[in-house]
Amino acid sequence: MRMYDLITKKKHGGELSDAEITAMIGGYVNGEIPDYQMAAMLMAIWFRGMTDHEIIEMTKVMAHSGDMIDLSAIPGKKVDKHSTGGVGDKTTLIVAPIVAACGGKVAKMSGRGLGHTGGTIDKLESIPGYRTVLSREEFFDTVNRCGVSVIGQSGNLAPADKKLYALRDVTATVDCIPLIASSIMSKKLASGADCIVLDVKTGSGAFMKTLDDSIKLAQTMVAIGEGAGRRTVALITDMDTPLGYGIGNSIEVIESTEVLKGRGPADLREVSLQLAANMLYLIGKGMPEQCRKAAETAIEDGSAFDTFCQMVRAQGGDDNVLRDTSTFAEAPYHIDVKADADGFVTKMNAEAIGETSVVLGAGRETKDSPIDLTAGLILHKKYGDAVKTGDSLATLYTSKRDVLADAEKLYRQAVVIGAEKPAPEPLIYARVEKDRVERY
Ligand code: URA
(Lines give C-alpha, C1' and ligand atoms only; values in the text may rest on other atoms or scores of the structure.)
Protein backbone atom coordinates (compact mmCIF):
# COMPACT_ATOMS: atom_id res chain seq x y z
CA MET A 1 0.00 0.00 0.00
CA ARG A 2 1.54 3.32 -1.05
CA MET A 3 0.81 6.50 0.92
CA TYR A 4 0.85 8.36 -2.41
CA ASP A 5 -2.19 6.33 -3.53
CA LEU A 6 -4.04 6.95 -0.25
CA ILE A 7 -3.46 10.70 -0.53
CA THR A 8 -4.75 10.61 -4.14
CA LYS A 9 -7.82 8.66 -3.08
CA LYS A 10 -8.67 11.11 -0.29
CA LYS A 11 -7.90 14.10 -2.51
CA HIS A 12 -10.70 12.93 -4.83
CA GLY A 13 -13.09 12.37 -1.91
CA GLY A 14 -12.72 8.58 -1.71
CA GLU A 15 -13.28 6.49 1.43
CA LEU A 16 -10.21 4.86 3.00
CA SER A 17 -10.64 1.19 3.88
CA ASP A 18 -9.99 -0.13 7.40
CA ALA A 19 -6.75 -1.73 6.20
CA GLU A 20 -5.61 1.54 4.60
CA ILE A 21 -6.29 3.49 7.80
CA THR A 22 -4.41 0.92 9.90
CA ALA A 23 -1.43 1.03 7.51
CA MET A 24 -1.44 4.83 7.36
CA ILE A 25 -1.53 5.44 11.14
CA GLY A 26 0.85 2.57 11.90
CA GLY A 27 3.30 3.70 9.21
CA TYR A 28 3.23 7.28 10.48
CA VAL A 29 3.81 6.30 14.11
CA ASN A 30 6.76 4.03 13.26
CA GLY A 31 8.36 6.62 10.99
CA GLU A 32 7.87 4.86 7.65
CA ILE A 33 5.51 7.58 6.44
CA PRO A 34 7.20 11.00 6.50
CA ASP A 35 5.62 14.19 7.86
CA TYR A 36 5.25 15.72 4.37
CA GLN A 37 3.04 12.89 3.15
CA MET A 38 0.95 12.87 6.33
CA ALA A 39 0.63 16.66 6.08
CA ALA A 40 -0.77 16.26 2.55
CA MET A 41 -3.22 13.65 3.83
CA LEU A 42 -4.35 15.89 6.70
CA MET A 43 -5.05 18.71 4.27
CA ALA A 44 -6.94 16.34 1.96
CA ILE A 45 -9.04 15.27 4.98
CA TRP A 46 -9.55 18.91 5.90
CA PHE A 47 -11.05 19.59 2.44
CA ARG A 48 -12.78 16.27 1.77
CA GLY A 49 -13.82 15.14 5.25
CA MET A 50 -14.22 11.53 6.35
CA THR A 51 -17.21 9.22 6.63
CA ASP A 52 -18.40 8.24 10.11
CA HIS A 53 -16.99 4.78 9.52
CA GLU A 54 -13.55 6.17 8.61
CA ILE A 55 -13.53 8.42 11.69
CA ILE A 56 -14.49 5.58 14.05
CA GLU A 57 -11.87 3.29 12.53
CA MET A 58 -9.13 5.93 12.65
CA THR A 59 -9.97 6.71 16.30
CA LYS A 60 -9.71 3.04 17.28
CA VAL A 61 -6.37 2.63 15.53
CA MET A 62 -5.06 5.84 17.16
CA ALA A 63 -6.27 4.70 20.61
CA HIS A 64 -4.51 1.33 20.18
CA SER A 65 -1.26 2.97 19.04
CA GLY A 66 -0.15 3.06 22.72
CA ASP A 67 -1.27 1.90 26.18
CA MET A 68 -4.93 1.03 26.66
CA ILE A 69 -5.41 1.72 30.38
CA ASP A 70 -7.26 -1.03 32.23
CA LEU A 71 -9.15 0.54 35.15
CA SER A 72 -10.69 -2.72 36.37
CA ALA A 73 -8.62 -2.57 39.59
CA ILE A 74 -10.94 0.30 40.58
CA PRO A 75 -14.35 -1.11 41.52
CA GLY A 76 -17.48 0.55 40.14
CA LYS A 77 -18.19 2.55 37.01
CA LYS A 78 -15.51 5.03 36.05
CA VAL A 79 -16.52 8.29 34.44
CA ASP A 80 -14.36 10.74 32.51
CA LYS A 81 -14.96 14.27 31.26
CA HIS A 82 -13.30 16.21 28.49
CA SER A 83 -13.53 19.76 27.27
CA THR A 84 -12.66 20.69 23.70
CA GLY A 85 -10.76 23.63 25.15
CA GLY A 86 -11.68 27.10 26.28
CA VAL A 87 -10.58 30.21 28.11
CA GLY A 88 -11.09 30.26 31.88
CA ASP A 89 -12.42 26.73 31.60
CA LYS A 90 -11.52 25.20 34.94
CA THR A 91 -14.54 22.92 35.32
CA THR A 92 -12.52 19.70 35.81
CA LEU A 93 -11.22 21.07 39.12
CA ILE A 94 -14.82 21.48 40.30
CA VAL A 95 -16.64 18.63 38.59
CA ALA A 96 -14.22 15.80 39.42
CA PRO A 97 -14.43 16.26 43.23
CA ILE A 98 -18.22 16.81 43.09
CA VAL A 99 -18.71 13.52 41.24
CA ALA A 100 -16.36 11.69 43.62
CA ALA A 101 -18.17 13.16 46.64
CA CYS A 102 -21.42 11.75 45.18
CA GLY A 103 -19.96 8.24 44.92
CA GLY A 104 -18.55 8.30 41.36
CA LYS A 105 -15.05 7.20 40.41
CA VAL A 106 -12.98 9.66 38.39
CA ALA A 107 -9.59 8.38 37.20
CA LYS A 108 -8.64 11.30 35.02
CA MET A 109 -5.69 12.02 32.78
CA SER A 110 -5.57 15.64 31.73
CA GLY A 111 -3.48 17.72 29.38
CA ARG A 112 -1.47 20.90 29.46
CA GLY A 113 -2.45 24.23 27.90
CA LEU A 114 -2.74 24.30 24.14
CA GLY A 115 -2.49 27.58 22.22
CA HIS A 116 -4.81 30.15 23.76
CA THR A 117 -6.59 27.52 25.91
CA GLY A 118 -5.46 26.52 29.41
CA GLY A 119 -4.77 22.98 30.65
CA THR A 120 -5.82 21.30 33.91
CA ILE A 121 -2.36 19.90 34.62
CA ASP A 122 -0.69 23.33 34.52
CA LYS A 123 -3.38 24.63 36.86
CA LEU A 124 -2.95 21.80 39.37
CA GLU A 125 0.82 22.31 39.35
CA SER A 126 0.27 25.77 40.85
CA ILE A 127 -0.69 23.99 44.11
CA PRO A 128 2.62 23.63 46.00
CA GLY A 129 3.79 20.01 46.07
CA TYR A 130 0.99 18.57 43.87
CA ARG A 131 2.35 15.67 41.83
CA THR A 132 0.82 15.22 38.38
CA VAL A 133 2.96 12.15 37.66
CA LEU A 134 2.01 9.08 39.70
CA SER A 135 2.80 5.42 39.21
CA ARG A 136 -0.14 3.34 38.03
CA GLU A 137 -0.48 1.85 41.55
CA GLU A 138 -0.49 5.30 43.20
CA PHE A 139 -3.06 6.52 40.67
CA PHE A 140 -5.44 3.61 41.28
CA ASP A 141 -4.87 3.80 45.04
CA THR A 142 -5.75 7.53 45.06
CA VAL A 143 -8.98 6.88 43.14
CA ASN A 144 -9.87 4.00 45.48
CA ARG A 145 -9.25 6.16 48.57
CA CYS A 146 -10.55 9.58 47.43
CA GLY A 147 -12.86 8.67 44.52
CA VAL A 148 -10.77 10.88 42.24
CA SER A 149 -7.27 11.41 40.93
CA VAL A 150 -6.16 13.83 38.23
CA ILE A 151 -2.77 13.20 36.67
CA GLY A 152 -0.95 14.07 33.43
CA GLN A 153 -1.30 11.87 30.38
CA SER A 154 1.24 9.06 30.31
CA GLY A 155 3.81 9.41 27.54
CA ASN A 156 2.45 6.39 25.75
CA LEU A 157 -1.25 7.33 25.71
CA ALA A 158 -2.35 7.49 22.06
CA PRO A 159 1.12 8.36 20.67
CA ALA A 160 -0.42 8.55 17.18
CA ASP A 161 -2.45 11.54 18.34
CA LYS A 162 0.59 13.17 19.91
CA LYS A 163 2.46 13.00 16.60
CA LEU A 164 -0.53 13.95 14.46
CA TYR A 165 -1.52 16.84 16.72
CA ALA A 166 1.97 18.36 16.51
CA LEU A 167 1.77 18.15 12.72
CA ARG A 168 -1.77 19.59 12.59
CA ASP A 169 -0.65 22.47 14.77
CA VAL A 170 1.86 23.62 12.13
CA THR A 171 -0.13 22.76 8.98
CA ALA A 172 -3.35 24.70 9.73
CA THR A 173 -5.37 21.48 10.07
CA VAL A 174 -6.51 21.66 13.71
CA ASP A 175 -10.01 23.00 12.99
CA CYS A 176 -11.38 19.91 11.30
CA ILE A 177 -14.20 17.83 12.79
CA PRO A 178 -12.90 14.33 11.88
CA LEU A 179 -9.42 15.24 13.14
CA ILE A 180 -10.57 16.85 16.41
CA ALA A 181 -13.04 14.02 17.10
CA SER A 182 -10.48 11.26 16.50
CA SER A 183 -7.82 13.16 18.48
CA ILE A 184 -9.97 13.63 21.57
CA MET A 185 -11.78 10.30 21.47
CA SER A 186 -8.61 8.23 20.89
CA LYS A 187 -7.27 9.56 24.20
CA LYS A 188 -10.62 9.02 25.95
CA LEU A 189 -10.93 5.42 24.72
CA ALA A 190 -7.33 4.69 25.74
CA SER A 191 -7.91 6.20 29.21
CA GLY A 192 -10.29 3.36 30.04
CA ALA A 193 -13.40 5.03 31.56
CA ASP A 194 -16.80 3.37 31.11
CA CYS A 195 -18.66 6.66 30.60
CA ILE A 196 -17.62 9.98 29.07
CA VAL A 197 -19.12 13.47 29.31
CA LEU A 198 -17.87 15.91 26.68
CA ASP A 199 -17.98 19.67 27.05
CA VAL A 200 -17.95 20.93 23.47
CA LYS A 201 -17.21 24.63 23.49
CA THR A 202 -18.73 26.93 20.89
CA GLY A 203 -17.91 30.55 20.04
CA SER A 204 -15.00 32.94 19.61
CA GLY A 205 -12.73 31.18 22.13
CA ALA A 206 -13.45 27.65 20.87
CA PHE A 207 -11.98 25.60 18.01
CA MET A 208 -15.55 25.36 16.65
CA LYS A 209 -16.89 28.87 16.15
CA THR A 210 -20.48 28.05 15.10
CA LEU A 211 -23.22 26.13 16.89
CA ASP A 212 -23.88 23.86 13.90
CA ASP A 213 -20.22 22.82 13.70
CA SER A 214 -20.11 22.27 17.47
CA ILE A 215 -23.19 20.04 17.33
CA LYS A 216 -21.71 18.08 14.42
CA LEU A 217 -18.46 17.62 16.37
CA ALA A 218 -20.43 16.50 19.45
CA GLN A 219 -22.50 14.03 17.42
CA THR A 220 -19.35 12.58 15.88
CA MET A 221 -17.64 12.13 19.26
CA VAL A 222 -20.78 10.66 20.87
CA ALA A 223 -21.06 8.18 17.98
CA ILE A 224 -17.40 7.17 18.44
CA GLY A 225 -17.81 6.69 22.21
CA GLU A 226 -21.06 4.75 21.93
CA GLY A 227 -19.64 2.69 19.05
CA ALA A 228 -16.79 1.66 21.35
CA GLY A 229 -19.22 0.64 24.11
CA ARG A 230 -18.77 3.74 26.31
CA ARG A 231 -21.87 5.66 27.38
CA THR A 232 -21.21 9.18 26.04
CA VAL A 233 -23.07 12.49 26.33
CA ALA A 234 -21.99 15.94 25.15
CA LEU A 235 -23.05 19.40 26.29
CA ILE A 236 -22.52 22.33 23.95
CA THR A 237 -21.49 25.27 26.13
CA ASP A 238 -20.68 28.89 25.43
CA MET A 239 -17.12 30.02 24.77
CA ASP A 240 -17.84 33.43 23.27
CA THR A 241 -17.17 34.81 26.74
CA PRO A 242 -14.52 33.30 29.06
CA LEU A 243 -15.97 31.07 31.78
CA GLY A 244 -15.86 32.67 35.24
CA TYR A 245 -13.73 35.73 35.96
CA GLY A 246 -10.26 34.21 36.45
CA ILE A 247 -7.85 33.15 33.69
CA GLY A 248 -4.42 31.76 34.54
CA ASN A 249 -3.17 28.83 36.55
CA SER A 250 -3.26 29.63 40.29
CA ILE A 251 -5.97 32.23 39.56
CA GLU A 252 -8.21 29.45 38.20
CA VAL A 253 -7.48 27.11 41.11
CA ILE A 254 -8.54 29.89 43.49
CA GLU A 255 -11.77 30.51 41.55
CA SER A 256 -12.55 26.78 41.46
CA THR A 257 -12.20 26.49 45.23
CA GLU A 258 -14.62 29.41 45.52
CA VAL A 259 -17.24 27.40 43.63
CA LEU A 260 -16.50 24.31 45.72
CA LYS A 261 -17.00 26.46 48.84
CA GLY A 262 -20.47 27.47 47.62
CA ARG A 263 -19.47 30.84 46.22
CA GLY A 264 -17.84 31.78 42.90
CA PRO A 265 -19.24 32.97 39.56
CA ALA A 266 -22.73 31.86 38.55
CA ASP A 267 -21.78 30.80 34.99
CA LEU A 268 -18.92 28.59 36.18
CA ARG A 269 -21.08 27.03 38.88
CA GLU A 270 -23.91 26.33 36.41
CA VAL A 271 -21.73 24.67 33.72
CA SER A 272 -19.97 22.63 36.42
CA LEU A 273 -23.25 21.45 37.95
CA GLN A 274 -24.62 20.44 34.55
CA LEU A 275 -21.47 18.50 33.67
CA ALA A 276 -21.39 16.80 37.08
CA ALA A 277 -25.11 15.92 36.84
CA ASN A 278 -24.56 14.30 33.44
CA MET A 279 -21.57 12.32 34.72
CA LEU A 280 -23.59 11.04 37.68
CA TYR A 281 -26.52 10.23 35.37
CA LEU A 282 -24.30 8.14 33.07
CA ILE A 283 -22.97 6.04 35.94
CA GLY A 284 -26.51 5.31 37.10
CA LYS A 285 -26.88 7.63 40.10
CA GLY A 286 -30.42 8.63 39.08
CA MET A 287 -32.29 10.85 36.68
CA PRO A 288 -30.55 14.09 35.60
CA GLU A 289 -32.58 16.31 38.01
CA GLN A 290 -31.79 14.02 40.96
CA CYS A 291 -28.13 14.00 39.98
CA ARG A 292 -28.07 17.77 39.78
CA LYS A 293 -29.56 17.99 43.27
CA ALA A 294 -26.90 15.58 44.57
CA ALA A 295 -24.18 17.72 42.97
CA GLU A 296 -25.60 20.87 44.59
CA THR A 297 -25.73 19.14 47.95
CA ALA A 298 -22.08 18.05 47.63
CA ILE A 299 -21.16 21.73 47.33
CA GLU A 300 -23.49 22.90 50.09
CA ASP A 301 -22.43 20.29 52.67
CA GLY A 302 -18.71 20.82 51.95
CA SER A 303 -18.08 17.22 50.86
CA ALA A 304 -16.94 18.22 47.34
CA PHE A 305 -14.40 20.70 48.74
CA ASP A 306 -13.19 18.13 51.30
CA THR A 307 -12.78 15.57 48.51
CA PHE A 308 -10.69 18.04 46.51
CA CYS A 309 -8.45 18.69 49.55
CA GLN A 310 -8.14 14.95 50.15
CA MET A 311 -7.04 14.32 46.55
CA VAL A 312 -4.54 17.19 46.68
CA ARG A 313 -3.03 15.82 49.93
CA ALA A 314 -2.92 12.28 48.51
CA GLN A 315 -0.91 13.62 45.56
CA GLY A 316 1.58 15.45 47.77
CA GLY A 317 -0.02 18.90 47.53
CA ASP A 318 -0.52 21.46 50.28
CA ASP A 319 -4.26 21.78 50.81
CA ASN A 320 -3.77 24.69 53.26
CA VAL A 321 -3.51 27.01 50.24
CA LEU A 322 -6.97 25.84 49.16
CA ARG A 323 -8.41 26.62 52.60
CA ASP A 324 -6.75 30.04 52.66
CA THR A 325 -6.18 31.02 49.05
CA SER A 326 -4.53 34.33 50.05
CA THR A 327 -1.42 32.21 50.74
CA PHE A 328 -0.96 31.34 47.03
CA ALA A 329 2.13 32.97 45.53
CA GLU A 330 1.22 36.28 43.86
CA ALA A 331 2.52 37.78 40.63
CA PRO A 332 4.84 40.72 41.36
CA TYR A 333 3.31 43.06 38.76
CA HIS A 334 -0.25 43.99 37.92
CA ILE A 335 -2.15 46.71 36.10
CA ASP A 336 -5.80 47.54 35.58
CA VAL A 337 -7.20 47.98 32.08
CA LYS A 338 -9.55 50.96 32.43
CA ALA A 339 -12.62 51.58 30.29
CA ASP A 340 -12.29 54.59 27.97
CA ALA A 341 -16.04 54.95 27.31
CA ASP A 342 -19.42 54.59 29.00
CA GLY A 343 -21.77 51.85 27.82
CA PHE A 344 -22.02 48.07 27.93
CA VAL A 345 -19.67 45.25 27.07
CA THR A 346 -21.20 44.12 23.77
CA LYS A 347 -18.53 41.66 22.65
CA MET A 348 -15.61 39.73 24.13
CA ASN A 349 -13.18 37.93 21.87
CA ALA A 350 -12.39 34.97 24.12
CA GLU A 351 -9.55 33.75 21.90
CA ALA A 352 -7.79 37.12 22.10
CA ILE A 353 -8.32 37.13 25.88
CA GLY A 354 -6.72 33.67 26.01
CA GLU A 355 -3.83 35.06 23.97
CA THR A 356 -3.52 37.92 26.46
CA SER A 357 -3.01 35.33 29.21
CA VAL A 358 -0.29 33.67 27.11
CA VAL A 359 1.48 37.03 26.65
CA LEU A 360 1.32 37.56 30.42
CA GLY A 361 3.07 34.19 30.86
CA ALA A 362 0.16 31.91 31.85
CA GLY A 363 0.47 29.80 28.67
CA ARG A 364 3.26 28.60 26.43
CA GLU A 365 4.54 30.50 23.39
CA THR A 366 6.22 27.28 22.23
CA LYS A 367 5.88 23.64 23.32
CA ASP A 368 8.79 23.88 25.76
CA SER A 369 8.54 27.44 27.02
CA PRO A 370 8.29 27.86 30.80
CA ILE A 371 5.01 28.85 32.36
CA ASP A 372 4.30 31.53 34.98
CA LEU A 373 1.86 29.90 37.40
CA THR A 374 0.92 33.24 38.99
CA ALA A 375 0.24 35.11 35.71
CA GLY A 376 -3.17 35.77 34.23
CA LEU A 377 -6.22 38.01 34.36
CA ILE A 378 -9.12 38.73 36.64
CA LEU A 379 -12.02 40.13 34.65
CA HIS A 380 -14.24 42.72 36.30
CA LYS A 381 -16.68 43.33 33.44
CA LYS A 382 -18.12 40.64 31.21
CA TYR A 383 -20.51 40.49 28.27
CA GLY A 384 -23.64 42.56 28.97
CA ASP A 385 -22.20 44.44 31.98
CA ALA A 386 -22.57 48.23 32.23
CA VAL A 387 -19.31 50.20 32.33
CA LYS A 388 -18.35 53.77 33.11
CA THR A 389 -15.23 55.52 31.84
CA GLY A 390 -12.37 54.71 34.21
CA ASP A 391 -13.89 51.45 35.52
CA SER A 392 -11.46 48.57 35.59
CA LEU A 393 -12.34 46.06 32.86
CA ALA A 394 -9.74 43.58 34.09
CA THR A 395 -6.60 43.30 36.19
CA LEU A 396 -3.60 41.74 34.45
CA TYR A 397 -0.97 39.85 36.50
CA THR A 398 2.54 38.83 35.47
CA SER A 399 6.10 38.26 36.63
CA LYS A 400 7.44 40.04 33.50
CA ARG A 401 6.84 43.78 33.73
CA ASP A 402 7.85 44.37 30.09
CA VAL A 403 4.88 42.37 28.69
CA LEU A 404 2.21 44.49 30.39
CA ALA A 405 1.90 47.10 27.62
CA ASP A 406 1.40 44.47 24.88
CA ALA A 407 -1.02 42.52 27.04
CA GLU A 408 -3.06 45.63 27.81
CA LYS A 409 -3.26 46.50 24.11
CA LEU A 410 -4.41 42.99 23.24
CA TYR A 411 -7.02 43.00 25.99
CA ARG A 412 -8.42 46.36 24.90
CA GLN A 413 -8.87 45.02 21.36
CA ALA A 414 -10.66 41.95 22.73
CA VAL A 415 -13.41 43.88 24.52
CA VAL A 416 -15.96 46.03 22.68
CA ILE A 417 -17.94 48.69 24.54
CA GLY A 418 -21.16 49.78 22.81
CA ALA A 419 -24.08 52.03 23.64
CA GLU A 420 -26.86 49.39 23.80
CA LYS A 421 -27.13 46.58 26.32
CA PRO A 422 -26.79 43.38 24.25
CA ALA A 423 -29.26 40.49 24.42
CA PRO A 424 -28.16 37.76 26.86
CA GLU A 425 -26.52 34.68 25.30
CA PRO A 426 -27.24 31.11 26.41
CA LEU A 427 -24.67 29.38 28.58
CA ILE A 428 -25.63 25.88 27.50
CA TYR A 429 -26.86 25.53 23.94
CA ALA A 430 -27.60 21.85 23.56
CA ARG A 431 -27.20 18.33 24.89
CA VAL A 432 -26.22 15.55 22.52
CA GLU A 433 -26.87 11.88 23.27
CA LYS A 434 -26.79 8.90 20.96
CA ASP A 435 -29.24 9.67 18.10
CA ARG A 436 -30.65 12.67 19.98
CA VAL A 437 -29.95 16.42 20.02
CA GLU A 438 -31.80 18.56 22.57
CA ARG A 439 -31.43 22.28 21.85
CA TYR A 440 -32.13 24.67 24.73
N1 URA B 1 -8.08 18.89 21.88
C2 URA B 1 -7.49 17.74 21.46
O3 URA B 1 -7.06 16.92 22.26
N4 URA B 1 -7.39 17.54 20.13
C5 URA B 1 -7.86 18.40 19.22
O6 URA B 1 -7.75 18.13 18.05
C7 URA B 1 -8.46 19.59 19.66
C8 URA B 1 -8.57 19.82 21.01
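Quantities reported herein were computed from a predicted structural model and do not represent experimental measurements. (Residues numbered from 1 in each chain as written. Predicted model: local features only at pLDDT ≥ 70, side-chain atom pairs only at ≥ 80, totals over all residues. Heavy atoms only, no water.)

A. Expanded view of the site of the ligand. Close to the ligand lie Thr84, Tyr165, Arg168, Ile180, Ser183, Ile184, Lys187 and Phe207, which account for all nearby residues. Contact distances for the ligand include 2.6 Å between a nitrogen atom and a side-chain N or O atom of serine 183. One of the side-chain nitrogen or oxygen atoms of lysine 187 is found 2.4 Å away from an oxygen atom of the ligand. Relative to its unbound accessible surface of 240 Å², the ligand loses 93% to contact with the protein. For the shell around the ligand, the secondary structure elements donating two or more residues are α8 (159-169) and α9 (177-191). (Near = heavy atom within 4 Å. Polar contact = N/O pair within 3.5 Å; in protein donor to acceptor, adjacent residues only side chain to side chain. Areas by Shrake-Rupley, 256 points an atom, 1.4 Å probe, with all protein chains shown as cover. Helix = DSSP H or I, 4+ residues; strand = E, 2+ residues; numbered from the N terminus.)

B. Examining the sheet that holds strand β1 (residues 79-83) more closely. Across the sheet, which stays open at both edges, the five strands sit in the order β1-β4-β5-β13-β14 with mixed pairing between neighbours. Strand pairing shows two members of the sheet lacking a second neighbour, β1 and β14 (436-439), which therefore form its edges. Between one strand axis and the next, the sheet turns through 15 degrees on average, direction left out of account. Across the face of the sheet, α9 comes into contact with β1 and β4 (195-202) while running at roughly 160 degrees to β1. (Pairing = 2+ DSSP bridges. Axes fitted to C-alpha atoms, helices over the stretch in contact; angles between N-to-C directions. Contact = heavy atoms within 4.5 Å.)

C. Just the state of the cysteines, in detail. Inspection of every chain in the model, using the stated rule, returns zero disulfides. In this structure cysteine 195 is not part of a disulfide, and its nearest cysteine sulfur, from cysteine 291, lies 11 Å away. Note on cysteine 309: no disulfide assigned, nearest cysteine sulfur contributed by cysteine 146 at a separation of 11 Å. (Disulfide = S-S within 2.5 Å.)

D. Structural detail: the sheet that holds strand β10 (residues 386-387). With antiparallel pairing, three strands are arranged side by side in an open sheet as β10-β8-β12. Either end of the sheet is taken by a strand with one partner, and the two such strands are β10 and β12 (415-418). Pairing of strand β8 (residues 343-348) with β12, which is carried by four bridges, proceeds in the antiparallel orientation. Within β12, the residue paired with methionine 348 across the bridge is valine 415. Against the sheet, helix α17 (residues 404-414) makes contact with β8 and β12, and its axis sits at roughly 50 degrees relative to β12, the strand it touches most.

E. Layout of the domain arrangement of the protein. In terms of domains, the protein is made up of domain 1 (3-49), domain 2 (79-323 + 428-439) and domain 3 (330-418). At the interface, 12 residues of domain 1 touch 12 residues of domain 2. When residues of domain 1 are sorted by the area they lose upon contact with domain 2, Tyr28, Leu42 and Trp46 head the list and together hold 52% of the total. Along the contact surface separating domain 1 from domain 2 lie zero salt bridges. Where domain 1 meets domain 2, there are two residue pairs in polar contact (both at pLDDT 80 or more). Of all the secondary structure elements, the ones that give two or more residues to the side of domain 1 that touches domain 2 are α2 (18-29) and α3 (35-48). Looking at the side of domain 1 that touches domain 2, the element that brings in the most residues is α3, giving seven residues. Among the residues making up the side of domain 1 that touches domain 2, the classes are represented as nine nonpolar, two polar and one charged. (Domains from an automatic or database assignment. Buried area = accessible area lost by both parts, 1.4 Å probe. Salt bridge = Lys/Arg side-chain N within 4 Å of Asp/Glu carboxyl O. Nonpolar A, V, L, I, M, F, W, Y, C, P; charged D, E, K, R; others polar.)

F. Expanded view of α2. The end-to-end C-alpha distance of α2 is 17 Å, a good match for the 16 Å that 12 residues give at a rise of 1.5 Å each. Listing the buried residues of α2 in full gives Glu20, Ile21, Met24, Ile25, Gly27 and Tyr28. The arc that holds the buried residues of α2, viewed along the axis, is 165 degrees, so those residues lie on one side. Directly after α2, the chain includes glycine 31, whose backbone phi takes a positive value near 90 degrees. (Expected span 1.5 Å × (residues − 1). Buried < 20%, exposed > 50% of the residue type's maximum accessible area, 1.4 Å probe, protein only. Arc of directions from axis to C-beta.)

G. A look at the packing of α3 against α8. Contact geometry for α3 and α8: axes closest at 10 Å, N-to-C directions at 75 degrees. Taken together, the axes of α3 and α8 lie roughly perpendicular to each other. Taking contact as the criterion, the partners of Asp35, Met38, Ala39 and Leu42 in α3 are, on α8, Leu164, Leu167 and Arg168. In the contact of α3 with α8, the residues fall into five nonpolar, no polar and two charged. (Parallel < 35°, antiparallel > 145°, perpendicular 65-115°, else oblique.)

H. Region of interest: the side chain of glutamate 20. With respect to the element layout, glutamate 20 can be found in helix α2. A distance of 2.8 Å separates the side chain of glutamate 20 from the side chain of lysine 9, its partner in a polar contact. Beyond its immediate chain neighbours, meaning those up to four positions away, glutamate 20 contacts Met1, Leu6, Lys9 and Glu15.

I. Up close: the pattern of salt bridges. This structure, assessed with the given rule, holds 35 salt bridges. With a closest N to O distance of 3.6 Å, aspartate 212 and arginine 439 form a salt bridge. Separated by 227 residues along the polypeptide, aspartate 212 in helix α10 (residues 211-227) and arginine 439 in strand β14 bring together distant segments of the chain. A relative accessible area of 53% means that arginine 439 is categorised as exposed. Three or more residues are tied together by salt bridges with common partners; here these are Glu226, Arg231, Arg431, Glu433, Arg436 and Glu438.

J. Region of interest: helix α7 (residues 136-146). Those residues of α7 lying buried are Phe139, Phe140, Thr142, Val143 and Cys146. For α7, the buried positions fall inside an angular range of 155 degrees around the axis, keeping them on one side. In this structure, α7 carries Glu137 and Arg145 as exposed residues pointing more than 90 degrees from its buried face. For α7, the elements touching its buried residues are α5 (91-101), β2 (106-110), β3 (148-152) and α14 (303-314). Of the residues trailing α7, glycine 147 is marked for its positive phi of about 85 degrees.

K. Quick look at the nonpolar core. By size, the foremost hydrophobic cluster in this structure holds 74 residues, and its most contacted members are Ile98, Ile127, Leu322 and Tyr411. Top element by residues in this core is helix α12 (residues 266-282). It accounts for nine residues. The residues that make up this core include at least three from each of domain 2 (79-323 + 428-439) and domain 3 (330-418). When sequence neighbours within four positions are dropped, the list of residues in contact with isoleucine 127 reads Val253, Phe308, Val312, Asp318, Val321, Leu322 and Phe328. Ranked by size, the runner-up nonpolar core spans 46 residues in total, among them Leu16, Tyr28, Ala181 and Met208. (Core = buried A, V, L, I, M, F, W, Y, C linked by side-chain atoms within 4.5 Å.)

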